[in-house]
Amino acid sequence: MTEPLLRSLREVMLDETEPLAGLLRKCLLLGAETGSESLRTWARAELKGYPPEGDDVPAYRKLHGVPMVMDSMSGNTWAKGQNLARLQVPAKAREYVPEFISFVQPVEELAQLAQQKHLNFGHAGLAMAQTVWNSELGPYQSVVSLAFVVPGSFLSGILAQVRTNLVDMIADLTASTPLTELPGRASVDAAVREHVGDVYNTTVLQPSGPTAIGRESSANAGLSIADAVTLLKEVAKAANQLERSQQADVQAAVRDLEAAMTTEGAESGEVLRLTGKLRSLTEKLGGAALAAATSSAVSAITELALQGAFG
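Residues numbered from 1 in each chain as written. Predicted model: local features only at pLDDT ≥ 70, side-chain atom pairs only at ≥ 80, totals over all residues. Heavy atoms only, no water.

K.L.:
Just to check I follow, could you spell out the confidence of the model for the protein for this structure?
P.N.:
Low pLDDT means the predicted atomic positions in that stretch should not be read closely. Mean pLDDT for the protein: 81, with 87% of residues reaching 70 or above. No element of the protein has a lower mean pLDDT than helix H9 (residues 212-215), at 36, and none a higher one than helix H5 (residues 107-113), at 93. The low-confidence segment residues 200-221, where pLDDT is below 50, has 66 contacts with residues more than four positions distant or belonging to other chains. (pLDDT = per-residue confidence, 0-100. Helix = DSSP H or I, 4+ residues; strand = E, 2+ residues; numbered from the N terminus. Contact = heavy atoms within 4.5 Å.)

This is the structure in structure tokens:
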């Protein structure tokens, strides 16, 4: 079995029509046969996705200086889809904008996302940055939304680098080992280390859908539940522009959500339910300031919930 496996990998690895996932599954077998846990760990992570938090995401899956798009309001003038670089964000708000984003999805999911022309996604850090930025703006001015944007071709580039690393590893192994023999574990580990880097044993988490791009970034802005509570207070503050009865409804929804977030043994399901309730309420009431504040809070709370902050 081992001889056909190594030969098969060498013969098909240059075929661009050969599914990358299939090649990686063969690497799982090769890692098992050679005793190389490094190869198995790398192949498994590429197939199942990398953990949303950790330092073991390969460099080729990280994008520095991710561009952003912004919707803003000045008086009665709305501006949508404004291109924005990180350095254009005011210094205090910039602290919450991560310098890089790690894409941790499985290769098959990345292949689907790569077919899109552009991908827009939020991040908890952007929600806090939006709130801080708005606090520095004058009357009748506000940042309504901030989002990262990347071309789908970037994800194609990630997949290409995975394939290239695989080609390099197999080329190294077959150059020094006859196809009638099985490479030693040390040789396989060395090939992985040379082309991917150190690979650690981790518990791989399964991402869930296209929206995982932003929330599963391993580069986060260090937001805490306390930060999310601050964002909620901005929602209550923005509601002061509403009629008294409407203010009371929003403030009650904010209190319920804050209590659910800060109580001992908080449950993610309840937090997300109340978050959805707040969002639905403010959408009905309208108002740019309220919409902007709610968008920031909802984005941050949802990401914290998905990262397990509430149990």
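That covers the picture; the talk isn't over yet.
K.L.:
What am I meant to see in the packing of aromatic side chains here?
P.N.:
For any two aromatic rings, the description comes down to two numbers: the centre-to-centre distance and the angle of the planes. One pass over the full model with this rule turns up 3 aromatic pairs. Measuring from ring centre to ring centre gives 6.1 Å for Phe103 and Phe121, while their planes differ by 85°; the resulting arrangement is edge-to-face. A residue pair is termed long-range when its members are at least 10 positions apart, and Phe103 in the loop between strand E4 (100-102) and H5 and Phe121 in strand E5 (residues 118-121) qualify at 18 residues. Grouping aromatic residues by their ring pairs yields a cluster made of Phe103, Phe121, Phe148 and Phe154. (Phe/Tyr/Trp six-rings, centres within 6.5 Å; stacked < 30°, edge-to-face > 60°.)

K.L.:
Sorry if this is basic, but what is going on with the packing of helix H11 (residues 244-262) against helix H12 (residues 268-285) here?
P.N.:
How two helices sit against one another is set out by the angle between their axes and by the gap between those axes. Relative to each other, H11 and H12 sit at 165°, their axes nearing to 9 Å. As judged from the angle between their axes, H11 and H12 are roughly antiparallel. In the crossing of H11 with H12, the sense of the turn from one axis to the other is left-handed. Along its contact with H11, which presents Gln246, Asp249, Val250, Ala253, Val254, Asp256, Leu257, Ala260 and Met261, the element H12 presents Glu270, Val271, Leu274, Thr275, Leu278, Leu281 and Leu285. (Axes fitted to C-alpha atoms, helices over the stretch in contact; angles between N-to-C directions. Parallel < 35°, antiparallel > 145°, perpendicular 65-115°, else oblique. Left-handed = near helix turned anticlockwise from the far one by under 90°.)

K.L.:
I keep staring at unusual backbone geometry and nothing clicks. Help me out?
P.N.:
Within the chain, Tyr140 stands out as a residue other than glycine whose phi angle is a positive 65°. Relative to the helices and strands, Tyr140 resides in the loop between helix H6 (124-136) and strand E6 (141-151).

K.L.:
Mind showing me how you'd approach the sheet that holds E6 here?
P.N.:
Each strand in a sheet pairs with another by means of backbone hydrogen bonds, the pair being arranged parallel or else antiparallel. Here we have 4 strands laid out as an open sheet, ordered E3-E2-E6-E5, and antiparallel in their pairing. In this open sheet, the two strands that pair with only one neighbour each are strand E3 (77-84) and E5. Between one strand axis and the next, the sheet turns by 30° as a mean value, whatever way the strands run. With 6 bridges joining them, strand E2 (residues 68-74) and E3 adopt antiparallel strand pairing. Residue pairing for E3: Ser72 is matched across the bridge by Ala79. Each of E2, E3 and E6 is contacted by H6, which is oriented at about 150° to E6, the strand it contacts most. (Pairing = 2+ DSSP bridges.)

K.L.:
Looking at this structure, how should I read the side chain of Gln247?
P.N.:
Within the element layout of this structure, Gln247 appears in helix H11. A relative accessible area of 18% places Gln247 in the buried class. In terms of polar contacts, Gln247 uses its side chain to reach the backbone carbonyl oxygen of Leu242, at 2.7 Å. (Buried < 20%, exposed > 50% of the residue type's maximum accessible area, 1.4 Å probe, protein only. Polar contact = N/O pair within 3.5 Å; in protein donor to acceptor, adjacent residues only side chain to side chain.)

K.L.:
What is the right way to look at the pairing of E6 in this model?
P.N.:
For a regular strand, side-chain orientation follows a simple rule: the groups alternate between the two sheet faces. Here E6 lies mainly inside the structure; 8 of its 11 residues are buried. Taken together, the 7 bridges between E2 and E6 define a ladder with antiparallel strand orientation. Along E6, the bridge assignment pairs Met70 with Leu146. Direction of pairing for E5 relative to E6: antiparallel, over a ladder of 4 bridges. Along E6, the bridge assignment pairs His118 with Pro151.

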